[in-house]
Each structure stands twice: as C-alpha cells, then as structure tokens.
Amino acid sequence: MPVIPHVFLPGPIRLATARNWLLVACAALLTACAGIAPRDPLPSWNDGPVKTAILKIVADTTQEGAPGFVPPAERIATFDNDGTLWNEHPMYVEVMYTLARIKEMAPQHPEWKTQQPFAAVVDGNRAALEKLTERDFFMLMAATRAGQRPEDIRQNVATWLAASKHPRFNRPYTDLIYQPMLEVLTYFRANGYKTYIVTGGTVDFVRSFAERVYGVPPEQVVGTTFEATYAFDNGVAAVRLQPRPAAINDGPGKPVGMHRNIGRLPIAAFGNSDGDIAMLETTTNSPESKPYPRLGAFVWHTDAVREYAYDKDTSVGRLDKGLTLAPQLGWQLIDMKRDWKVIFPYELR
C-alpha cells in the first residue's frame, strides 16, 4: 500500500488528501486481488468429472436463491470408513486389532486353546484363519468386548494403533488415510455440512480415532454396535458391553443405522464396496431424495502401485454389483489412479 505523505497542510485539506491516497491504495489492492485465482478446495484431485461433480453438489446446495439450495440443518454427508477414508488391504484394520487383542487376552482364557475360532488365532494357524467366517469374526470381536466399558475399548484401540504398522507401507494405520477424501470432508464442513461416518466397523473402534484423524466427533460415527447394560455400583456408573451384536451396520443395515442415528437423508454419500450400495440407493433413489440434488460415489481402488487394485476379485472391500449400478443410477466412480494426485497425506511432506 502506498505511504501517505506527511505534509503541513490545513486540517481539512490534509484529511481530503489522506482520503484520496486511501482510495487509490484500496483500488490498487482490489486490482491486484482480481488477478488471483480462487484457492482450489480439492488440490489433491485431478480435474475431471468426479471433481466437478463434488464441487457442483456443494455449489448447488449452498447458494441461497438457487433451485437446489439446502438449508444448513439438512446438509448431511455420509462416508464409509474402510476403503473409503483409509486403507483396508490386505485386511480390515479392525480385524487386525481383534486378532491381536485375542492373543493378548489368551493367557486369561485357557479354554481358547481348543475352542474355535479362538484356537486358530492363538495358534496362528494361517490355514484355519483363512476359513473363518463372518460369524466367527463376530464371535472374536464379541469376546474382546464382553464386560468392557466403551471407554476401555477406545483406549485399547488407541494403544494398539499407536504401536502397530501396516505390513506393506510400514507406517501407522492412521497415516494411511486418504488425503483426497480428507479434503472432501473439510470442503463439505466449510460449507455448512455435518459429516458422518457410516461404517460396518464397530462404533467404539472408529470413535477411538475419528475425531483426531478425520475431524468427525464421536456422536457423528454410526456403526455396528453390541448390546450393553448399565449398573451403578459403589457410587460409580458404568455402561458395559455384552457379547451380542445389537445392530449390524453394513449393507441394508446402513440406511437403518442412518435412520436411527441421524434422522435425515444425506445429500451426498461416499462408499467403496457393495456393502455401501443400500446407503447410496437411499441417498439418491428414495422418494425422500427428490427435493434436493444428491450425490452418490464409490472410491474405486485401481492403483496397484501407490495402493492396491481390486474390485470384483476380493473378499475385502468387494465392489462388483456397484460397478454395474453406478452408471445406471448416476453414481460417480472415483478412479484412484486417474482422479487422485496423491493417496496419503505423508506424500505431501
């Protein structure tokens, strides 16, 4: 800004001169700013139809007077966790935690040496582990939670995450979150949206790190839950988990979980597997979705060099039916190899 010269002039003239200099300086500043391009809210995304669709849904729903304007209270965006916000291969992180926790607890449970599915974990029997069913994994998860307070689970998870590293990348699992999706979370929140994690993982596992890593508070995590009981003993109140699932928040369970915990339909929903189809269908193709613009999108893992490439040929984050439905129902396919400049935040350091 130009310096206003100090000259000995009568008061009114000095004031007018100063005002003129100020107007000139402001005009120069505005002219300079006019040449500055607006900051890109999604800098880790390559330009293309997916980035355009994300920018458009936010613009269309937040511009007052626009046909698609959504009142702030209705601005909800939901995100799956595994494979959508962070890495899920070669195995779901919560499964890795559960196996480690079973081994840690094994000395207090000698019966597990001969009782399946626990024996497979305790012995490290790879062939037996590969045959474990979804029901078996729920038994293992239930055993690690029985009688525990939710805060105990969160502390156990936080301790394990701090000490554990991914077998391929040799980094903490919380380093393997997706930078482009962090930018989407931030972009939606900057425009008045509440961002929810709607996951098949258990709520206490994800709540242990979601606020620190994603900026999503505990009350905005919707996930699989276990039955719980309350007791007030010796002047201390405690909720303790029971070894019985209360709600499985995967597949058709996701819309039910959103109904119970959010009470509003998302404007945008992001997933990565067939387990997210019901969430995207409810968001974009239910009768309630009609008044406002909606966005559904899958993160499609196509980059074997920087991360992993998989869709139909995996049991971890399988995307098969979703690949067919996406073009039919107008959902975006986020091609990791094509659409993302970087995968993980540490690549920017």
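This text follows the structure it describes.
All figures in this text were calculated on a predicted structure; none of them were measured in a lab. (Residues numbered from 1 in each chain as written. Predicted model: local features only at pLDDT ≥ 70, side-chain atom pairs only at ≥ 80, totals over all residues. Heavy atoms only, no water.)

(A) The arrangement of the overall build of the protein in detail. From N to C terminus, the protein includes 14 helices and 7 strands. The 349 residues of the protein split such that 47% are buried. Sequence separation of 24 or more characterises 69% of the internal contacts of the protein that already satisfy a separation of 6 or more. Per element, the accessible surface of the protein, about 17600 Å² overall, is 56% carbon and sulfur. (Helix = DSSP H or I, 4+ residues; strand = E, 2+ residues; numbered from the N terminus. Buried < 20%, exposed > 50% of the residue type's maximum accessible area, 1.4 Å probe, protein only. Contact = heavy atoms within 4.5 Å. Areas by Shrake-Rupley, 256 points an atom, 1.4 Å probe, with all protein chains shown as cover.)

(B) Structural detail: the packing of aromatic side chains. Tallying each qualifying case throughout the model produces 19 aromatic pairs. Ring geometry for F79 against F188: centres 6.4 Å apart, planes inclined by 80°, an arrangement best described as edge-to-face. Of this pair, F79 sits in strand β1 (residues 76-79) while F188 sits in helix α8 (residues 179-190), and the two are 109 residues apart along the sequence. Per residue, the accessibility class of F79 equals that of F188, and both read buried. With a centroid separation of 5.8 Å and an interplanar angle of 85°, the aromatic rings of F205 and F209 are classed as edge-to-face. Following the ring pairs from residue to residue traces out a cluster consisting of W45, F169, Y178, Y308, W340, F344 and Y346. (Phe/Tyr/Trp six-rings, centres within 6.5 Å; stacked < 30°, edge-to-face > 60°.)

(C) Quick peek at the packing of helix α12 (residues 277-285) against helix α13 (residues 321-329). Running from N to C, α12 and α13 point in directions that differ by 10°, and their axes come no closer than 11 Å. Between α12 and α13, the crossing angle belongs to the class labelled roughly parallel. Contact with α12, carried on its side by I277, E281 and N285, involves K321, G322, L325 and L329 of α13 and no other residues of that element. Considering only residue class, the contact of α12 with α13 consists of 3 nonpolar, 2 polar and 2 charged. (Axes fitted to C-alpha atoms, helices over the stretch in contact; angles between N-to-C directions. Parallel < 35°, antiparallel > 145°, perpendicular 65-115°, else oblique. Nonpolar A, V, L, I, M, F, W, Y, C, P; charged D, E, K, R; others polar.)

(D) Structural view of the pattern of salt bridges. Evaluation of the coordinates by the stated rule reveals 16 salt bridges. Two residues, R154 and D204, come together in a salt bridge whose shortest N-O distance is 3.2 Å. On the criterion of sequence distance, the pair formed by R154 in helix α7 (residues 150-163) and D204 in helix α9 (residues 203-207) is long-range, its members being 50 residues apart. For D204, a relative accessible area of 8% translates into the label buried. Through salt bridges with shared partners, one network takes in D40, D47 and K51. (Salt bridge = Lys/Arg side-chain N within 4 Å of Asp/Glu carboxyl O.)

(E) Quick peek at α7. The terminal C-alpha atoms of α7 lie 20 Å apart, and with 14 residues this matches the ideal 20 Å at 1.5 Å per residue to within 8%. Check the buried side of α7 and you find it contacts α3 (93-105), α6 (134-145), α9 and β4 (236-247). (Expected span 1.5 Å × (residues − 1).)

(F) Representation of the sheet that holds strand β5 (residues 268-271) in the model. Spatially, β4-β3-β2-β1-β5-β6-β7 is the arrangement adopted by the 7 strands of the open sheet, whose pairing is mixed. Two strands lie at the open edges of the sheet, namely β4 and β7 (332-335), each paired on one side alone. For this sheet the average axis-to-axis angle between neighbouring strands, irrespective of direction, equals 35°. Here strand β2 (residues 194-202) runs beside strand β3 (residues 221-233); their pairing, made up of 3 bridges, is parallel. Pairing of V198 across the sheet is with V222, part of β3. (Pairing = 2+ DSSP bridges.)

(G) Structural detail: the nonpolar core. Ranked by internal contacts, the top residues of the largest apolar core, which has 54 residues, are I54, M181, F188, Y214 and F270. By residue number, the principal contributor to this core is α8, which donates 6 residues. The contact partners of M181, leaving out residues within four places of it in the chain, are W45, F79, T84, L85, F270, V299 and W340. Judged by nonpolar contacts, the second largest core, of 16 residues, contains V198, M279, L323 and W331. (Core = buried A, V, L, I, M, F, W, Y, C linked by side-chain atoms within 4.5 Å.)

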